[in-house]
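Breakdown of the fold
Here is what each chain is made of, one letter per residue.
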Amino acid sequence: MEVIIRPDADEACTLVADLIAGEIRNNPKLVVGLATGRTMERVYSLLVKKYKKGHVDFAHVTTFNLDEYIGLALDHPNSFHAYMDDHLFRHVNIHSERTHIPNGEAKDLEGECLAYEETIRGCGGIDLQLLGIGQTGHIGFNEPISALRSRTRTKALTPQTLKQNAHLFDDPDAMPRRAITMGVGTILDSKRCVLLATGEKKAAIVAKAVEGPVTSMISASALQLHPRCTVVVDEEAAGCLENTEYYRWLFENEPEWERFRR
Ligand code: F6R
């Protein structure tokens, strides 16, 4: 794992957007795992800007989203389908048949989860998985005590996650209590992971995930087991980390980050 601390949220998002665009330029057929949420909005708007300037081409990119609410119409404004369309897909030249999001309206949810895993495998696995982190330490919607080897499945959301997201719904009671989510094991199978966290509200959980023990109580801590995981935080989200000097020293000495150094 490596931890990159940027001065503010904008610079953290810029680094992540640059990293994604760079990986797509290196491999135009990149298979990218996508996350939703407020943190990612800026990353997607930066990617759209890059696309409009001709700096990145999504024509051959394949995507798999981490999760979707169960029982919410796909065109409901709070569905992750709608989020992805609003923030990325309809602004770039990605082919809709190469974008995948779990169908939370499927009659056979178990079949949907198995088919999702199968489709990921059929595409050769995920090359680059983008992740946010929730207050419960979830990645995707892998809430506490998610098995570290779990695969795509249905999962009940915690009261804390409901509180975190309910205000986004016009009627907070309409927020679904369950979701389909890639499992922790599915995420760990990706070739590269990038977790982005910004703001002081994320500081305590980021420190537990990065510097605490690997535990199913904090799904993001499982990323310590991933062979290539980059955690990108702003100064606020880095606020509870203990070894920041070491992380900064590593950042200064890694050739990959040379162009981001001041
Ligand atoms: C959503 C997802 C979640 C979010 C997390 C952070 O697809 O995977 O794990 O990344 O809840 O959400 P924000 O960015 O809204 O704090």
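Above: the structure in question.
What follows is about the site of the ligand. Thr36, Thr39, Asp67, His138 and Lys202 are the nearest of the 14 residues found near the ligand. A distance of 3.2 Å separates an oxygen atom of the ligand from a polar atom in the side chain of Gln164. Lys202 is positioned with one of its side-chain polar atoms (N or O) 2.7 Å from an oxygen atom of the ligand. In the complex, 96% of the free accessible area of the ligand, which totals 410 Å², lies under the protein chains. Residue classes in the shell around the ligand are distributed as 3 nonpolar, 8 polar and 3 charged.

Summed over the entire model, instances satisfying the criterion amount to 0 disulfides. Between Cys13, a free cysteine, and Cys229, which holds the nearest cysteine sulfur, the sulfur-to-sulfur gap is 16 Å. Note on Cys229: no disulfide assigned, nearest cysteine sulfur contributed by Cys193 at a separation of 5.3 Å.

Relative placement of two packed helices is described by the angle separating their axes and the distance separating the axes. Contact geometry of helix H1 (residues 9-26) with helix H2 (residues 38-52) gives a least axis separation of 9 Å together with a crossing angle of 50 degrees. One way to sum up the angle between H1 and H2 is to call them oblique. For the crossing formed where H1 meets H2, the hand is right-handed. Where H1 abuts H2, its residues Asp10, Cys13, Thr14, Val16, Ala17, Asp18, Ile20 and Ala21 lie against Thr39, Arg42, Val43, Leu46, Leu47 and Lys50. Split into classes, the residues belonging to the contact of H1 with H2 amount to 8 nonpolar, 2 polar and 4 charged.

Here we take up the packing of H2 against helix H3 (residues 80-87). Running from N to C, H2 and H3 point in directions that differ by 40 degrees, and their axes come no closer than 9 Å. With respect to H3, the axis of H2 lies oblique. Packed against H2, whose contacting residues are Met40, Glu41, Tyr44 and Val48, the element H3 presents Tyr83, Met84 and His87 at the interface. Classifying every residue of the contact of H2 with H3 by side-chain character gives 5 nonpolar, 1 polar and 1 charged.

Another aspect to go through is the pairing of strand E6 (residues 128-131). The two faces of E6 match: Leu128 and Leu130 on one face and Gln129 and Leu131 on the other face are all buried. Here strand E2 (residues 31-34) pairs with E6 via 2 bridges, running parallel. Bridging across to E6, Val32 finds its partner in Leu128. In this sheet, strand E9 (residues 192-197) lies alongside E6 in parallel orientation, the contact comprising 4 bridges. For Gln129, the partnering residue across the bridge sits in E9 and is Cys193.

Rules behind the numbers
All residue numbers refer to position in the chain's written sequence, counted from 1. Local features in this predicted model are restricted to residues of pLDDT 70 or higher, and side-chain atom pairs are both shown and tallied only at a pLDDT of 80 or more, whereas totals for entire chains, interfaces and linings draw on every residue. Only hydrogens and water are set aside; all other atoms, that is, all heavy atoms of the structure, feed into the side-chain values. By convention in this text, a residue qualifies as near a molecule or strand provided that one of its non-hydrogen atoms is within 4 Å of it. Between N or O atoms, a polar contact is any pair within 3.5 Å; within protein, one atom must be a potential hydrogen donor and the other a potential acceptor, and residues adjacent in sequence are included only when both atoms are from side chains. Using a 1.4 Å probe, the Shrake-Rupley method yields the accessible areas, and only the shown protein chains count as cover for residues. Residue type decides the class: Asp, Glu, Lys and Arg count as charged, Ala, Val, Leu, Ile, Met, Phe, Trp, Tyr, Cys and Pro as nonpolar, and the leftover types, Gly among them, as polar. Count a disulfide wherever a pair of cysteine sulfur atoms falls within 2.5 Å. Axis definition: a line fitted to C-alpha atoms, over the contacting stretch in the case of helices. Angles run 0 to 180 degrees between N-to-C directions. Helix and strand assignments follow DSSP, with helices taken as H or I runs no shorter than four residues and strands as E runs no shorter than two, numbered in order from the N terminus. Roughly parallel refers to an angle under 35 degrees, roughly antiparallel to one over 145, roughly perpendicular to one between 65 and 115, and oblique to any angle outside these ranges. In this scheme, a crossing is called left-handed if the near helix is turned counterclockwise away from the far one by less than a right angle; it is called right-handed if the turn is clockwise. Contacts were defined at the residue level, with two residues in contact if any of their heavy atoms lie within 4.5 Å. Between buried and exposed lies partly exposed: a residue is buried under 20% and exposed over 50% of the maximum accessible area for its type, with that area taken using a 1.4 Å probe on protein chains only. Note: two strands are recorded as paired if DSSP finds a minimum of 2 bridges between them.

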